[in-house]
There are 2 protein chains.
Amino acid sequence: MEIKTLEDIKLNLTERSKINDIDFENLSFGNVFTDHMLVCDFVNGQWKQPEIMPYAPFTIEPSARVFHYGQAIFEGMKAYKDEAGDVWLFRPEQNFARFNKSAVRLAMPEVPEEVFLGGLKKLIQIDKEWVKRGDGKSLYIRPFMIATSSGVIASPSNNYRFMIILSPAKSYYSGEVKVVIADHFSRAANGGIGAAKAAGNYSAQFYPTKLANEKGFQQIIWTDDATHTKLEEAGTMNVFFRINDTLYTAPTSERILDGVTRKSLIELAKKENINVEVRSVLVDELVAAAKDGSLKEIFGAGTAAVVNPIAGFAYKDEYFELPKVEKSYALYLKEKLTNIQNKVADDTFNWTVKI
Amino acid sequence: MEIKTLEDIKLNLTERSKINDIDFENLSFGNVFTDHMLVCDFVNGQWKQPEIMPYAPFTIEPSARVFHYGQAIFEGMKAYKDEAGDVWLFRPEQNFARFNKSAVRLAMPEVPEEVFLGGLKKLIQIDKEWVKRGDGKSLYIRPFMIATSSGVIASPSNNYRFMIILSPAKSYYSGEVKVVIADHFSRAANGGIGAAKAAGNYSAQFYPTKLANEKGFQQIIWTDDATHTKLEEAGTMNVFFRINDTLYTAPTSERILDGVTRKSLIELAKKENINVEVRSVLVDELVAAAKDGSLKEIFGAGTAAVVNPIAGFAYKDEYFELPKVEKSYALYLKEKLTNIQNKVADDTFNWTVKI
Ligand SMILES: Cc1ncc(COP(=O)(O)O)c(C=O)c1O
Ligand SMILES: Cc1ncc(COP(=O)(O)O)c(C=O)c1O
């Protein structure tokens, strides 16, 4: 690695910003990108000089390994603007560490901190105007890495491209979310790549999710693939279950993504004196709790949606509607968390990092 | 679908063939591509006109779904030249059917036969000179499809690109192949995408394979991820075990690719009066057979390698060397199969299709 300081990032800035063409009040998630992106290539065992350049398509070989053997990983994080106009990241070192864990699991090179975090900060400084304030607004950050070597032979690539693209965002989900509990399909294997933020994991989810959508459900809660008895996580969210006044969430494992929102909510809940237990909840237990009325809430937790209350779940052709609770843990914890992220509450955890 | 005949394929041919630059005696697998490729885009719910054009890099959005959510599938097949100079495919309808099964599992559109098989034949006619004869030579054919819509939101793409690229090939493997029996890592989940030829499956294998390589083993034989007791398949090959004079191979399942070579070898073995049983072989059974001397052979079967004899296997730090057998089923069946493929034996099965 030659990159030692941010001065080592090559800058090639746009002559005309697109920002005035954007309607920030009517954004659909993940579709609009800012003026610039960061690109850094790994060639012959070395990371080259990163470059910040105008966001644009790039050329790639039809035989690039990413298209054939799926070496592709990513992260998802957000930047927030405070009242003074300063921009903040939320626990970025967590995403950086997880990205490199994903890289190892997919036999890809680890990205140096100067490129990932240093590059990210520099890029956001340049596109600072794209970070808006209020109403769930933020800048969604998508670092990713793909295998670029040519060759249709099933072995790891030699060359890779790391990129960061930025997308202005409002809140992710809208409307009621109903889920299906998986009883046949799975997203991850024991000893597989479920704990990595690998592109291939998502491709496994789309078809079962489409089947669920056709029945009027928006998401699936995945179960362990061996027995389909343990509740694990949703497509892009970890999941919490509130039974009576205790919150439960599955332990992370090789099959489950170690979500930053999940771990932050666990710490927040503890601080707020909400009982939280990290253990597998069984499907049977959930159904029983739904039947006897002790199941109060289910919610997803992830960077994009932050906290996403779930209105009901289906399991094997039975549907269970969740009660309307008065003091929702989901909404309470969401407010606590977004207040920290948006810098309107004290960040006693030291989670936020100023750019 | 508007494509009805091969006349509907747009031709944009190269002005200068690269063929004279290629040393066909010294090819490494999957690294050299012929003069042309086929490209066909799926846009707004419709397949557009396919185009055959010079093999070249293409441009794509950094936010294309394939890079983030892994919607990417492929096939691997070969074309062979007979003594008269005619070019033949081997059971191409099998690859076509499997491709569309993979497409369904990954929530991608099915490719019409006129585009997949029609396009393939037209492309190979144009690059016919690249198909060489003898010495394991063939033309490796790589149809694939990727998700091209822009947007970092975890849902299926609207747009897709189907492509076919061609690579002149010699035999795939060289040297002795020793394998490790997986006792922790896995390539596929129950209810997952293991039976699809999906890019994501391969990305899961590289890291464990790298660990195996470091210990002097070339490949891994995967086991079921729930118990690691059943032998399943290798990275790019189905696997056969010969115990005494019976061949065993695992049944195909949601976790295992339904290989064309595997099913052809089963039929060939039956014709040649070799006992073949389709059932799961347990790891314990394999170890016991290795110990008591009844294990005679293990071999992989796949398009690239055709048949690949395995010299020994490791399981949990014990290594078992396979005996040298006099009449190897692996080599016998390989010869029978390649003779059919190379059109030097009668094709009583009607497997070969002339282009
Ligand atoms: C599969 C999966 N689970 C959980 C999460 C939540 O993780 P985080 O809170 O770090 O965004 C994500 C990412 O958003 C995910 O893709
Ligand atoms: C995982 C896997 N198993 C088995 C095979 C063998 O299939 P086929 O004989 O159709 O090439 C392949 C493909 O080559 C494969 O990728």
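Residues numbered from 1 in each chain as written. Chains lettered and ligands numbered in written order. Predicted model: local features only at pLDDT ≥ 70, side-chain atom pairs only at ≥ 80, totals over all residues. Heavy atoms only, no water.

This paragraph deals with the site of ligand 2. All names here are of chain B. Taken together, 16 residues surround ligand 2, and among them K197, Y202, E233, T261 and T303 come closest. A distance of 2.4 Å separates an oxygen atom of ligand 2 from a polar atom in the side chain of Y202. Summarising the interface, the protein chains cover 97% of the accessible area of ligand 2, which totals 380 Å² for the free molecule. If you list the elements that add at least two residues to the shell around ligand 2, you get helix 6 (260–271) and strand 17 (295–302). Looking at the shell around ligand 2 residue by residue, the classes come out as five nonpolar, seven polar and four charged. (Near = heavy atom within 4 Å. Polar contact = N/O pair within 3.5 Å; in protein donor to acceptor, adjacent residues only side chain to side chain. Areas by Shrake-Rupley, 256 points an atom, 1.4 Å probe, with all protein chains shown as cover. Helix = DSSP H or I, 4+ residues; strand = E, 2+ residues; numbered from the N terminus. Nonpolar A, V, L, I, M, F, W, Y, C, P; charged D, E, K, R; others polar.)

All names here are of chain A. Taken together, 16 residues surround ligand 1, and among them K197, Y202, E233, T261 and T303 come closest. Here an oxygen atom of ligand 1 sits 3.0 Å away from a polar atom, N or O, in the side chain of K197. At 2.4 Å from a nitrogen atom of ligand 1 is found a side-chain nitrogen or oxygen belonging to E233. Looking at the shell around ligand 1, the elements with two or more residues in it are helix 6 (260–271) and strand 17 (295–302). Taken together, the residues of the shell around ligand 1 sort by class into five nonpolar, seven polar and four charged.

Next up on the list: the UniProt feature "modified residue: N6-(pyridoxal phosphate)lysine" (unreviewed entry) in chain A. Residue and element names in this part refer to chain A. Following the UniProt record, the feature "modified residue: N6-(pyridoxal phosphate)lysine" (unreviewed entry) maps to K197 here. Along the chain, K197 turns up in the loop between strand 11 (178–181) and helix 4 (199–203). Residue classification places K197 among the buried positions, given a relative accessible area of 11%. Excluding anything up to four places from it in sequence, K197 contacts A72, I73, F74, E75, G76, R98, S102, Y202 and L257. (UniProt positions renumbered as here; feature names shortened; annotations may be inferred. Buried < 20%, exposed > 50% of the residue type's maximum accessible area, 1.4 Å probe, protein only. Contact = heavy atoms within 4.5 Å.)

Moving on: the packing of aromatic side chains. Tallied over the entire structure, the rule returns 43 aromatic pairs over all chains. Considering the side-chain rings of F99(B) and F116(B), the 5.2 Å spacing of their centres and the 50° angle between planes classify their relative orientation as tilted. One end of the pair, F99(B), is in helix 2 (residues 92–105); the other, F116(B), is in helix 3 (residues 113–126), with 17 residues separating them in the sequence. Take F99(B) and F116(B): they sit in the same class, and that class is buried. An aromatic cluster of three or more residues is present, and its members are F58(A), F67(A), F144(A), F58(B), F67(B) and F144(B). The ring of F24(B) has K132(B) sitting right over it, with the charged end atom 4.7 Å from the ring centre. For R242(B), the ring lying beneath its charged end belongs to Y329(B), and the centroid distance is 3.7 Å. (Phe/Tyr/Trp six-rings, centres within 6.5 Å; stacked < 30°, edge-to-face > 60°. Lys NZ or Arg CZ within 6 Å of the ring centre and 35° of its normal.)

Moving on, we get to the domain arrangement of chain A. Residue and element names in this part refer to chain A. For chain A, the domain assignment lists domain 1 (10–170) and domain 2 (178–341). For domain 1 versus domain 2, the distance between C-alpha centres works out to 27 Å. At the junction of the two partners, domain 1 supplies 18 residues and domain 2 supplies 21 residues. Counting the surface domain 1 buries against domain 2, the share from its top three residues, F74, F90 and R98, is 34%. In this assembly, domain 1 and domain 2 are joined by one salt bridge. (Domains from an automatic or database assignment. Buried area = accessible area lost by both parts, 1.4 Å probe. Salt bridge = Lys/Arg side-chain N within 4 Å of Asp/Glu carboxyl O.)

This brings us to the nonpolar core. In this structure, F67(A), F162(A), F67(B) and F162(B) are the most contacted members of the largest nonpolar core, which totals 134 residues. When sequence neighbours within four positions are dropped, the list of residues in contact with F67(A) reads I60(A), E61(A), P62(A), F58(B), I60(B), V66(B), F67(B), A72(B), F144(B), I146(B) and A199(B). (Core = buried A, V, L, I, M, F, W, Y, C linked by side-chain atoms within 4.5 Å.)

As a further point, take helix 7 (residues 283–292) of chain B. Residue and element names in this part refer to chain B. All of the buried residues in helix 7 are V283, L286, V287 and A289. Relative to the axis of helix 7, the buried residues are bounded by an arc of 160° and lie together on one face. Residues of helix 7 that are exposed and point more than 90 degrees away from the buried face comprise D284, K291 and D292. Just downstream of helix 7 lies G293, where phi reads positive at about 85°. (Arc of directions from axis to C-beta.)

With an RMSD of 0.0 Å, the fit of chain A onto chain B corresponds to turning through 180° and sliding 0.0 Å along the axis. Between the two chains, the operation in question is that of a two-fold axis. Mapped onto chain B, 100% of the interface residues of chain A are again interface residues, and the two copies thus contact each other with one and the same surface. (Least-squares fit on C-alpha atoms with pLDDT ≥ 70 in both.)

In this complex, chain A contributes 62 residues to the contact, which on the side of chain B involves 62 residues. Taking both partners together, chain A and chain B bury about 5,100 Å²; carbon and sulfur atoms supply 64% of that area. By the criterion of area lost to chain B, the three top residues of chain A are P62(A), F67(A) and F206(A), representing 14% of everything that side buries. Viewed at the interface, chain B and chain A are joined by zero salt bridges. Counting every contact that joins chain A to chain B gives 24 residue pairs in polar contact (both at pLDDT 80 or more). Within the residue set of the side of chain A that touches chain B, elements represented by two or more residues are strand 5 (58–60), helix 1 (65–69), strand 6 (72–74), helix 2 (92–105), strand 9 (138–147), strand 10 (160–169), helix 4 and helix 5 (206–214) of chain A. Residue composition of the side of chain A that touches chain B, by class: 38 nonpolar, 18 polar and six charged. In terms of strand pairing, strand 5 of chain A meets strand 5 (residues 58–60) of chain B through three bridges, oriented antiparallel. Each bridged residue has a counterpart across the sheet, and for T59(A) the counterpart in strand 5 of chain B is T59(B). (Pairing = 2+ DSSP bridges.)

Helix-helix packing is described using two parameters, namely the angle between the two axes and the distance between the axes. All names here are of chain A. Where helix 2 contacts helix 3 (residues 113–126), the axes come no closer than 11 Å and their chain directions differ by 145°. The two elements helix 2 and helix 3 meet at a crossing, and its hand is right-handed. Taken together, the residues of helix 3 that come into contact with helix 2 (itself represented by P92, E93, N95, F96 and F99) are E113, F116 and L117. Classifying every residue of the contact of helix 2 with helix 3 gives five nonpolar, one polar and two charged. (Axes fitted to C-alpha atoms, helices over the stretch in contact; angles between N-to-C directions. Left-handed = near helix turned anticlockwise from the far one by under 90°.)

Residues and elements named next belong to chain A. Tracing the sequence through the fold places V43 in strand 2 (residues 36–43). Given a relative accessible area of 26%, V43 falls into the partly exposed group. In the structure, V43 is positioned 116 residues away from N159 in sequence and 5.0 Å away in space, judged by C-alpha atoms. Contacts of V43, omitting those with residues within four sequence positions, involve K48 and N159.

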